[in-house]
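# Residue-level structural notes
The lines below spell out each chain.
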Amino acid sequence: MPQRAATIVGGGIGGLAAAIALHRRGWRVEVLERAPEFTEIGAGISLWPNALRALEVLGLAGAVRALGAVEASGGVRDRRGRWLSRTDNAELARRFGHPLVVLHRADLLRALTEALPAGSLRPGSEVFTVRADGRGLVVDHRGGESRADLVVGADGLRSAVRHALWPGAAAPRYAGYTAWRMVTEPLAAPPSEGAATWGRGERFGYTALPGGRMYCFATASLPAGAASGSSEYAELLRRFGSWPDPIPALLAAVPADAVLRHDLYDLPPLPSFAHGRVALLGDAAHAMTPNLGQGACQALEDAVTLAHCLEGTPDVAAALRSYDLLRRPRTQAIKRRSARLGAVGQLSWPPAVLLRDTAARLTPARATLRSMTPVLGWAAPGDR
């Protein structure tokens with residue numbers, strides 16, 4: 001077949017991964033990113049075994065693992081610091097072929113951009129609409145227009161591609177809680193284990209990054225758009241400064257101006273991830289809450305599945321229908337599961353919190369790992 005052209009809208013993790021997967025299959029790709037540069041700021045990311053399996057398909061698993069940290073263990077604690085459940089990362093790797101790897105988002109994005117021809121990356125290219133004319137697909141953007149055989153909407157929760165071609169899609173819905181993310185300065189003695197501590201309507205978690213830094217995150221049940229009375233850092237100290245060790249020490253190591261806050265949303269189910277020769281991917285298709293740490297992982301799965309479906313067929317629309325059938329049921333099920341876990345983690349009524357913590361404490365670790373098999377045991381297309 002003659003070389004085909006793909007325009008990927010959105011230069012985040014999913015969009016770049018899709019560009020790499022298509023480029024390695026002979027497609028001419030361009031990635032349109034509205035921001036002035038391809039970068040991520042301020043937060044860590046967890047790559048579970050299924051994400052590393054997708055990165056293997058892209059030929060990047062080893063390079064990405066070298067950028068991250070692998071903890072020996074982690075788990076969930078209660079408000080008094082007592083362990084409710086523990087996870088052995090060695091057992092995770094034994095069961096699923098890879099450990100849990102944590103790295104800075106900016107490092108992952110850099111590894112992805114370096115795997116693409118520099119000329120394929122087009123920052124400062126905000127997309128206005130996607131349309132078809134007699135010769136194919138046209139993407140109108142700040143830099144002009146692009147013609148393509150395939151358009152991939154990987155432009156996030158407020159996707160312009162989804163808005164243009166799925167005009168009846170429901171708006172993103174607020175999960176009921178907000179989140180803070182931050183990275184500490186290097187610590188002389190960082191915690192050896194990661195943990196998520198569950199309170200009443202609040203949570204605080206931390207996990208290791210390379211170089212002695214820790215990635216921390218926190219949630220609180222608040223109305224959408226609520227603003228802190230002072231700085232976000234001061235708000236974190238007020239809410240979590242007296243929580244069990246090592247949380248106070250971690251907060252003390254966070255630069256006061258380095259706290260990110262975002263209300264959390266997910267996307268109601270779409271009837272399809274494909275519209276003719278246009279596909280949605282990642283948050284544009286199935287934005288989910290971060291409770292399972294699967295948002296970017298599912299975007300990576302999307303990317304390699306999309307390229308696999310397109311391989312060897314001239315019928316792009318038919319390939320995208322196959323992609324939809326493979327990805328939509330799985331991602332929407334994981335999205336529902338993440339929402340349920342978030343609802344449990346944010347419980348605030350004392351009797352319900354007691355019941356939740358007791359149930360977590362009595363659940364064997366092997367049962368918890370087994371319950372994750374449908375998520376983490378994913379096999380890349382062609383490996384089944």
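Structure: above.
Everything in this summary refers to the structure shown in the same document. (Residues numbered from 1 in each chain as written. Predicted model: local features only at pLDDT ≥ 70, side-chain atom pairs only at ≥ 80, totals over all residues. Heavy atoms only, no water.)

Backbone torsion omega between aspartate 245 and proline 246 reads 10 degrees, so that peptide bond is classified as cis. You can see proline 246 is positioned in the loop between helix 7 (232-240) and helix 8 (247-252). (Helix = DSSP H or I, 4+ residues; strand = E, 2+ residues; numbered from the N terminus.)

Of all nine residues in helix 5 (residues 105-113), seven are buried; the element is thus mostly enclosed. All buried positions along helix 5 are accounted for by Ala106, Asp107, Leu108, Leu109, Ala111, Leu112 and Thr113. For helix 5, the elements touching its buried residues are helix 1 (13-23), strand 3 (44-47), helix 2 (49-57), helix 3 (61-67), strand 6 (101-104) and strand 7 (121-122). (Buried < 20%, exposed > 50% of the residue type's maximum accessible area, 1.4 Å probe, protein only. Contact = heavy atoms within 4.5 Å.)

Taken as a whole and judged by the stated rule, the model has 24 salt bridges. With a shortest N-O distance of 3.5 Å, glutamate 126 and arginine 34 are connected by a salt bridge. With glutamate 126 in the loop between strand 7 and strand 8 (127-133) and arginine 34 in the loop between strand 2 (28-32) and strand 3, the pair connects residues that are 92 residues apart, well separated along the chain. Note on glutamate 126: relative accessible area 22%, which makes it partly exposed. Judged by relative accessible area, arginine 34 falls into the exposed class, the value being 60%. The structure contains a network of salt bridges with shared partners spanning Arg131, Asp133, Asp140, Glu145 and Arg147. (Salt bridge = Lys/Arg side-chain N within 4 Å of Asp/Glu carboxyl O.)

Let us now look at the packing of aromatic side chains. For the structure shown, the criterion picks out five aromatic pairs. Centre to centre, the rings of tyrosine 174 and tyrosine 265 are 5.4 Å apart; their planes meet at 50 degrees, and the pair counts as tilted. Of this pair, tyrosine 174 sits in strand 12 (residues 173-183) while tyrosine 265 sits in strand 16 (residues 260-266), and the two are 91 residues apart along the sequence. A relative accessible area of 25% places tyrosine 174 in the partly exposed class. Arranged with centres 6.5 Å apart and planes meeting at 75 degrees, the rings of tryptophan 180 and phenylalanine 240 form a pair that is edge-to-face. Placement of tryptophan 180 in strand 12 and of phenylalanine 240 in helix 7 is noted, with a sequence separation of 60 residues between them. Considered together, tryptophan 180 and phenylalanine 240 belong to a single accessibility category, that of buried residues. An aromatic cluster is built from Trp180, Phe204, Phe240 and Trp243, whose rings are joined through pairwise contacts. A cation sits over an aromatic face here: arginine 158 above tyrosine 265, 5.0 Å from the ring centre. If you follow arginine 203 out to its NZ or CZ, it ends over the ring of tyrosine 177, 5.5 Å from the centre. (Phe/Tyr/Trp six-rings, centres within 6.5 Å; stacked < 30°, edge-to-face > 60°. Lys NZ or Arg CZ within 6 Å of the ring centre and 35° of its normal.)

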